[in-house]
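Examination of the molecular architecture
The lines below spell out each chain.
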Amino acid sequence: MMRYLARLTIALAPVLAVVMAWASPAIAQSMDEGLQSRAKRAVDAGLHYLRGEQAENGSWSDSVGITALATRAYLQSHRGYNESDGAFITRPIAFLLSHVNDDGSISETNQNRNYNTAVAINALKATGNPEYDEIIANARQFLTGLQIDQGEGYEEEHAYYGGIGYGGDERPDLSNQYIALEALRDTDLDPDDPVWEKALQFVTRTQNRSESNDQSWAGNDGGFTYMPGFSPHGGTGSYGSMTHAGLLSLLFAGVDRDDPRVQAAHGWITQNYTLEENPGAKHKQGLFYYYNAFAKSMYAFGEATVTDGEGVKHNWREDLAAMLLSRQEQEGSWVNEESPRWWEGNRHLVTAWSVIALNYVVRE
Amino acid sequence: MLRSLLAPTLVLCAAGLAAALVLPLPQPAAVSLPATIALAALLLMPAVVCADFSTLDALRQSAAWSFLAGACAALAVGAAVRDGGIITAAVATALVVLAGAALWWLLERNAPPGVHWRFTTVLFLASSAPLWAAPLAELHAPLATLVACASPLSLLGVLMDHDYLRTAFFYQHSALGALSYRYPSAGAFVVAYAVGGAALWTIALMKTMGPRNVTENR
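The shown structure was predicted, so the numbers you read here are calculated from the model rather than taken from an experiment.

Things to note about the overall build of chain B
For chain B, the helix and strand inventory stands at 11 helices and 0 strands. Mapped from its N terminus to its C terminus, chain B presents α and β elements in the order α-α-α-α-α-α-α-α-α-α-α. Out of the 218 residues belonging to chain B, those deemed buried represent 38%. For chain B, restricting intrachain contacts to residue pairs at least 6 apart in sequence, the fraction spanning at least 24 positions comes to 76%.

As structure tokens, this is what we get:
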């Protein structure tokens, strides 16, 4: 009997290997081990830099948003930091909690309330501490309240319908939208909540895909732009950071990978694959935002390789790791030297974004 | 004709000021007084800079009318903050415009030729700084906050709790909304405008008193 089982195991071994390779992300999404080790060391160096830059009150740049991102970078790193590791984790959490407002938002300012609250949710959720559940629930309610719908006097036909903006006005955009949706996804918001369907209406109206986008300006390359009818890089053209934000938004909202909108977005990404720049953007603007969104969307999409427009296959993990390693400064930080737009002149923010991106690269 | 049109407005301004002092203002009470002072100073400064005040009477008159104009604007802004409705905002805008017109009328009486254009140009350039100065701020990021402060619209934005630089128009026509900037507090604005106004007042007073004293001594 034992001999029979042994023979059967040997005979099925190749089949089992194929099945395991298909089923196990750890194997399917592998990267060069040497590069992975260097990426982990880059994460350590980035976190070391951030620790040296932390203010007495536990914050970075005295900003809820940047503090939340840096905290998330620690909590989701390969080191597995948590609140028991010391004040360098507990103080920034305390800083975030000290900026919880009566309306549920978590922000030190009335500007950027959506961004700040959303990334604070991500950070608090990453602690896994149930003590923050009520704060997270209130913050979630604040975010959903920002969504533009009939409550603000907008009907479904309006291009802004379902969108979320900075929180200080009624102008939504895809960047704010994706950050908010990422936070709502983290809070395990009911997939049947109408927020998702409304959000999808707005997201769809930022995609250059006329089959699904009812806006007259919509093109057909499958990429995404900043907001309906406007790109900060000119016209209504698609560009990298927003296309990854759009792809993530679709996936967060529960759209299937086989949906034509997802496939069109992924098609744009493969056709415009590069890490030298934020494709479609001017003058290296938004480069590190792009890296951050790139890492998250490629991870969420779940394929280890990308075949570009010329038929060349790329291991996105290896490419992103190599690019971020080449751009890391001696002290462990990152910064966009070529453009300060979207705060990329702030080392704390850009380092936190880069570490988070690398966390996705080395995650198995 | 112009005076007959503006006279009721100025009466309304005075009534508005009285109402602001008497009626309890719920939420914006804390900012209504500094807003009054700041906006009065704001509206007064160009007049002091540009107008040729030859007598103390003209100076006093200017101060009084400018204060009323500022009070009117502050009351309007306060009302808009409180209610936030479209009608209130429209009324607020109309009142601010009328207050500006009152100032224009004042300048017409006292100012030498060309002062209106200088006044308008200065106000326009300062208000539109986020549009034309944004490229400078993009080259030197720390300038972003300075550019935001330069515009009187930022004061109104702060008082109304409205991040106007990220509204569709400004975001699409200025890089400033994509940069890292912080609006100063309403108090900081008040101090800045009050100090600026006081300095300009001092200059104006010195110019006015000087020749008169010389004449009296003769």
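A few points about the overall build of chain A
Regarding its fold elements, chain A presents 14 helices and 2 strands. The globule rule puts the C-alpha radius of gyration for 364 residues at 21 Å, and the 21 Å found for chain A is close to it. Seen through its principal axes, chain A has C-alpha atoms that stretch 75 × 55 × 45 Å. The long-range share in chain A, meaning contacts at least 24 apart out of those at least 6 apart in sequence, stands at 66%.

Examining the nonpolar core
In terms of nonpolar packing, the biggest core is built from 112 residues, with Leu 69, Ala 120, Tyr 291, Leu 320, Ala 352 and Trp 353 of chain A touching the most fellow members. Apart from residues no more than four positions distant in its own chain, Trp 353 of chain A is found in contact with Leu 69, Phe 288, Tyr 289, Tyr 291 and Asn 292 of chain A.

Topic: the interface of chain B and chain A
In this complex, chain B contributes 14 residues to the contact, which on the side of chain A involves 14 residues. Top element by residues in the side of chain B that touches chain A is helix 10 (residues 168-173) of chain B. It accounts for 3 residues. A class-by-class count of the residues in the side of chain B that touches chain A yields 6 nonpolar, 4 polar and 4 charged.

Quick look at the packing of helix 12 (residues 287-301) of chain A against helix 14 (residues 347-362) of chain A
Residue and element names in this part refer to chain A. Where helix 12 meets helix 14, the closest approach of the two axes is 9 Å, and the angle between their N-to-C directions is 20 degrees. Judged by the angle between their axes, helix 12 and helix 14 are roughly parallel. In terms of crossing hand, the pair formed by helix 12 and helix 14 is left-handed. Residues Phe 288, Tyr 289, Tyr 291, Asn 292, Ala 295, Lys 296 and Tyr 299 of helix 12 lie in contact with helix 14, whose contacting residues are Val 350, Trp 353, Ser 354, Ile 356, Ala 357, Tyr 360 and Val 361. Grouping the amino acids of the contact of helix 12 with helix 14 by side-chain chemistry returns 11 nonpolar, 2 polar and 1 charged.

Observations regarding the environment of Glu 331 of chain A
Residues and elements named next belong to chain A. Relative to the helices and strands, Glu 331 resides in the loop between helix 13 (316-327) and helix 14. A count of 13 C-beta atoms within 10 Å places Glu 331 in the partly exposed class. Along the sequence, Glu 331 and Lys 313 sit 18 residues apart, while their C-alpha atoms lie 33 Å from each other.

Some thoughts on the confidence of the model for chain B
Residues and elements named next belong to chain B. Looking at chain B as a whole, its pLDDT mean stands at 64, while 33% of the residues score no less than 70. Here helix 1 (residues 2-22) stands out as the element of chain B with the lowest mean pLDDT, 45, in contrast to helix 6 (residues 129-132), whose mean of 91 is the highest. Confidence drops under pLDDT 50 across residues 1-31; counting only partners more than four residues distant or on other chains, this segment forms 35 contacts. For the stretch residues 213-218, pLDDT sits under 50, and the model shows 0 contacts to residues farther than four places along the chain or on other chains. For this predicted complex, the interface confidence comes out at an ipTM of 0.81, alongside a pTM of 0.78.

Here we look at helix 8 (residues 143-150) of chain B
Listed as buried for helix 8 of chain B are Ala 144, Val 147 and Ala 148 of chain B. The buried residues of helix 8 of chain B occupy an angular sector of 100 degrees when the element is viewed end-on, so they sit on one face.

Observations regarding the confidence of the model for chain A
Predicted coordinates in areas of low pLDDT are best not read in detail. In this model, chain A carries a mean pLDDT of 90, and residues with pLDDT of at least 70 account for 91%. Below pLDDT 50 for its whole length, residues 12-29 of chain A participates in 9 contacts with residues either more than four positions away or in separate chains.

Some remarks on helix 8 (residues 174-186) of chain A
All names here are of chain A. The terminal C-alpha atoms of helix 8 lie 18 Å apart, and with 13 residues this matches the ideal 18 Å at 1.5 Å per residue to within 8%. With 12 of its 13 residues buried, helix 8 lies for the most part within the structure. Among the residues making up helix 8, those that are buried are Leu 174, Ser 175, Asn 176, Gln 177, Tyr 178, Ile 179, Ala 180, Leu 181, Glu 182, Ala 183, Leu 184 and Arg 185. Where helix 8 is buried, its residues contact helix 6 (113-127), helix 7 (133-146), helix 9 (194-204) and helix 10 (240-252). Directly beyond the C-terminal end of helix 8, a positive phi value near 60 degrees is found at Asp 188.

Quick word on the environment of Glu 329 of chain A
All names here are of chain A. One can find Glu 329 in the loop between helix 13 and helix 14. What makes Glu 329 partly exposed here is the crowd of 14 C-beta atoms within 10 Å. Once the C-alpha coordinates of Glu 329 and His 99 are considered, the two residues, 230 residues apart in sequence, prove to be 32 Å apart.

A few points about the packing of helix 4 (residues 64-75) of chain A against helix 5 (residues 87-97) of chain A
Residues and elements named next belong to chain A. Interhelical geometry of helix 4 versus helix 5 gives an angle of 145 degrees and a closest axis separation of 10 Å. Of the two elements, helix 4 crosses helix 5, and the hand of that crossing is left-handed. On the side of helix 4, the interface is formed by Val 64, Thr 67, Ala 68, Ala 70, Thr 71 and Tyr 74, while helix 5 contributes Ile 89, Pro 92, Ile 93, Phe 95 and Leu 96. When grouped by side-chain class, the residues that make up the contact of helix 4 with helix 5 number 9 nonpolar, 2 polar and no charged.

Description of unusual backbone geometry
Residue and element names in this part refer to chain A. Although it is not a glycine, Asn 112 sits at a positive phi angle of roughly 55 degrees. With respect to the secondary-structure elements, Asn 112 resides in the loop between helix 5 and helix 6. Taking the number of C-beta atoms within 10 Å as the measure of exposure, Asn 112 has 22 and is therefore buried. The phi dihedral of Lys 284 is positive, around 60 degrees, even though this residue is not glycine. By secondary structure assignment, the location of Lys 284 is in the loop between helix 11 (260-271) and helix 12.

A closer look at the environment of Gln 76 of chain A
All names here are of chain A. For Gln 76, the location among the structural elements is in the loop between helix 4 and helix 5. Given 19 C-beta atoms within 10 Å, Gln 76 falls into the partly exposed group. Sequence spacing of Gln 76 and Tyr 166 is 90 residues, and the spatial spacing of their C-alpha atoms is 26 Å.

Procedures and definitions
Residues numbered from 1 in each chain as written. Chains lettered and ligands numbered in written order. Predicted model: local features only at pLDDT ≥ 70, side-chain atom pairs only at ≥ 80, totals over all residues. Helix = DSSP H or I, 4+ residues; strand = E, 2+ residues; numbered from the N terminus. Buried ≥ 20, exposed ≤ 12 C-beta atoms within 10 Å, placed from the backbone. Contact = placed C-beta atoms within 7 Å. Rg over C-alpha atoms; globule rule 2.2 N^0.38 Å. Core = buried A, V, L, I, M, F, W, Y, C linked by C-beta atoms within 7 Å. Nonpolar A, V, L, I, M, F, W, Y, C, P; charged D, E, K, R; others polar. Axes fitted to C-alpha atoms, helices over the stretch in contact; angles between N-to-C directions. Parallel < 35°, antiparallel > 145°, perpendicular 65-115°, else oblique. Left-handed = near helix turned anticlockwise from the far one by under 90°. pLDDT = per-residue confidence, 0-100. Arc of directions from axis to C-beta. Expected span 1.5 Å × (residues − 1).

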